[in-house]
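# Summary of the model geometry
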Amino acid sequence: MSIVVVGSIALDDVVTEEGSVSNAPGGSALYFSAAASLFGPVCLVGVVGEDFPREEIEFLERREVNLDGLQVIKGGKTFRWSGEYELDMNKRRTTNLELNVFQDFDPVLKENSRKAEYVFLGNIGPGLQMKVYDQIENPKFVALDTMECYISGNTGELKEILKKIDLLFINDTESQQLSGTFNLLSAARKLLEMGPRYVIIKKGEHGSILIADNLFFAVPAYPVETAKDPTGAGDSYAGGVMGYIARSGSVDFETLKKAVVYGGVVASFGVEDFSLDALKKISLADVEKRLDNFRELTSF
Ligand code: AMP
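Residues numbered from 1 in each chain as written. Predicted model: local features only at pLDDT ≥ 70, side-chain atom pairs only at ≥ 80, totals over all residues. Heavy atoms only, no water.

Within helix H8 (residues 184-193) the residues assigned to the buried category are Leu184, Ala187, Ala188, Leu191 and Leu192. Down the axis of H8, the buried side of the element spans an arc of 140 degrees, and every buried residue falls inside it. Buried residues along H8 sit against strand E10 (167-171), helix H7 (172-179), strand E11 (198-202) and strand E12 (208-211). The N-terminus of H8 is capped by Asn183, whose side-chain oxygen sits 3.0 Å from the backbone nitrogen of Leu185. (Buried < 20%, exposed > 50% of the residue type's maximum accessible area, 1.4 Å probe, protein only. Helix = DSSP H or I, 4+ residues; strand = E, 2+ residues; numbered from the N terminus. Arc of directions from axis to C-beta. Contact = heavy atoms within 4.5 Å. Polar contact = N/O pair within 3.5 Å; in protein donor to acceptor, adjacent residues only side chain to side chain.)

Next up on the list: the pattern of salt bridges. All chains considered together, the criterion is met by 19 salt bridges. Asp106 is paired through a salt bridge with Lys131; the nearest N and O atoms lie 3.2 Å apart. Separated by 25 residues along the polypeptide, Asp106 in the loop between strand E7 (92-98) and helix H3 (111-114) and Lys131 in helix H4 (residues 126-133) bring together distant segments of the chain. Accessibility expressed as a relative area gives 39% for Lys131, which makes it partly exposed. Glu137 serves as the salt-bridge partner of Arg114, at 3.4 Å between the closest nitrogen and oxygen. Linking Arg114 in helix H3 with Glu137 in the loop between H4 and strand E9 (141-145), this pair joins segments that are 23 residues apart in sequence. (Salt bridge = Lys/Arg side-chain N within 4 Å of Asp/Glu carboxyl O.)

Further remarks concern the layout of surface pockets. As a volume, the second largest pocket reaches approximately 190 Å³. Lining of the second largest pocket is provided by Lys258, Val261, Tyr262, Leu291, Phe294, Arg295 and Thr298. Residue assignment for the lining of the second largest pocket shows that the elements contributing at least two residues are helix H10 (253-270) and helix H12 (284-298). Looking at the lining of the second largest pocket, the element that brings in the most residues is H12, giving 4 residues. Split into classes, the residues belonging to the lining of the second largest pocket amount to 4 nonpolar, 1 polar and 2 charged. (1 Å grid on protein atoms, 1.4 Å probe; cavity = no way out; pocket = protein on both sides within 12 Å on 5 of 7 lines; lining within 4 Å. Points joined across faces, edges and corners; volume = space filled by probe spheres on them. Nonpolar A, V, L, I, M, F, W, Y, C, P; charged D, E, K, R; others polar.)

Near the ligand, the surroundings consist of 18 residues, among which Ser8, Asp12, Gly27, Tyr150 and Gly232 are the closest. The side chain of Ser8 places a nitrogen or oxygen atom 2.8 Å from a nitrogen atom of the ligand. In the environment of the ligand, an oxygen atom lies 2.8 Å from a nitrogen or oxygen atom belonging to the backbone of Gly232. Isolated, the ligand exposes 500 Å² of accessible area, and the fraction of that covered by the protein chains is 93%. Elements represented by at least two residues in the shell around the ligand include exactly strand E2 (10-16), strand E6 (79-85), E7, helix H5 (148-153) and helix H9 (233-248). (Near = heavy atom within 4 Å. Areas by Shrake-Rupley, 256 points an atom, 1.4 Å probe, with all protein chains shown as cover.)

In spatial order, the strands read E5-E4-E1-E8-E9-E10-E11-E12-E13; together these 9 strands make up an open sheet with mixed pairing. Each end of this open sheet is capped by a strand with a single partner; those strands are strand E5 (66-73) and strand E13 (216-219). Here the strands of the sheet are splayed against their neighbours by 15 degrees on average, with no regard to which way each runs. (Pairing = 2+ DSSP bridges. Axes fitted to C-alpha atoms, helices over the stretch in contact; angles between N-to-C directions.)

This part is about the side chain of Thr146. If you trace the backbone, Thr146 turns up in the loop between E9 and H5. Looking at Thr146, the relative accessible area reads 2%, which means it is buried. In contact with Thr146, not counting residues within four places along its chain, are Asn123, Ile151, Leu158, Phe169, Ile170 and Glu174.

Take the packing of H7 against H8 next. Where H7 meets H8, the closest approach of the two axes is 9 Å, and the angle between their N-to-C directions is 55 degrees. With respect to their mutual orientation, H7 and H8 come out oblique. Helix-helix and strand crossings are classified by hand; for H7 and H8 the assignment is left-handed. Where H7 abuts H8, its residues Asp172, Ser175, Gln176, Leu178 and Ser179 lie against Leu184, Ala187, Lys190 and Leu191. Residues that form the contact of H7 with H8 fall into these classes: 4 nonpolar, 3 polar and 2 charged. (Parallel < 35°, antiparallel > 145°, perpendicular 65-115°, else oblique. Left-handed = near helix turned anticlockwise from the far one by under 90°.)

What follows is about the packing of aromatic side chains. The final tally for this structure, using the stated rule, is 10 aromatic pairs. Plain terms: the ring middles of Phe120 and Phe169 are 5.8 Å apart, the flat faces sit at 75 degrees to each other, and that makes the pair edge-to-face. You can see Phe120 sitting in strand E8 (residues 118-121) and its partner Phe169 sitting in strand E10, a full 49 residues away along the chain. For Phe120, a relative accessible area of 0% puts it in the buried group. A relative accessible area of 0% places Phe169 in the buried class. Taken together, a centroid distance of 6.3 Å and an interplanar angle of 50 degrees make the contact between Phe141 and Tyr198 tilted. Taken together, the positions of Phe141 in strand E9 and Tyr198 in strand E11 put the pair 57 residues apart, joining distant regions of the chain. The exposure class of Tyr198 is buried, given its relative accessible area of 5%. An aromatic cluster is built from Phe32, Phe120, Phe169 and Tyr237, whose rings are joined through pairwise contacts. (Phe/Tyr/Trp six-rings, centres within 6.5 Å; stacked < 30°, edge-to-face > 60°.)

For the rest of this paragraph, the subject is the packing of helix H1 (residues 28-36) against H9. To describe two helices that pack against each other, one gives the angle between their axes and the distance between the axes. Where H1 contacts H9, the axes come no closer than 7 Å and their chain directions differ by 40 degrees. As judged from the angle between their axes, H1 and H9 are oblique. In the crossing of H1 with H9, the sense of the turn from one axis to the other is right-handed. Listed contacts from H9 to Ser28, Tyr31, Phe32, Ala35 and Ala36 of H1 are Asp235, Ser236, Ala238, Gly239, Gly240, Met242 and Gly243. Among the residues forming the contact of H1 with H9, the class breakdown is 6 nonpolar, 5 polar and 1 charged.

Here's what the structure looks like:
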């Protein structure tokens, strides 16, 4: 079953202790699509400028990502983000952000996408997330990711869309910021009260937790010794989670437990190289193999 994703599609400049890249493909929707397309069909909704590299479009085509909802603006410049990570890769600083073609983006979904059952509203303003949500005819499962700047800058709009979704992806510090609560379990409970049925709190290299009303599941991250670039880890994690859910066709807690394990494993590949380089090279078989290894590492 196909997943519709909206979010940023970017050209990134990234500096980590392991090196740097510039003009590298990135953005929430791109990382998500690279991950979720390992599991099944994805429809990408977004916008790029004429400067967006043709080979990245070709990569998405090879992964059979439906690009009917991708607008290419003549003479326009693609969204740009620059960031620098500390030695502790959980800490990063945004050094530049240019919305460019996203400033006037008006998402229009084609027939295929409007009928999708699974929806991922990736990082971009909550107003745009709502515009996409409103065009989906009969969604079965809607997930949303957000980030610090939208929590502080667009709180009202964010709270409106939270009422409509099934699953919120959020990282630890953002969950504390949005809930006003330090303890992550208490924070997750407050977030559940805002609307979603499930909340996943991502804790970077420390794994993630999944919470529903009376249910709780915690999973460590797959240990990676050679993390080069954590950019997009949250989005590739979400791509793995949503890809698994859509492929299994079920949205119960047991399915979500497995999905968060898949999400973590996919994200662990993503951080092993800069930009989308590692995600481009893997297949679902590689994910399954690492998952088997993860099972051995965590069973007792
Ligand atoms: P993550 O590491 O999961 O937060 O995702 C990083 C990706 O999100 C980068 O590839 C950026 O291009 C993109 N990004 C950074 N800031 C924003 C923003 N304010 N809105 C949307 N996407 C962003």
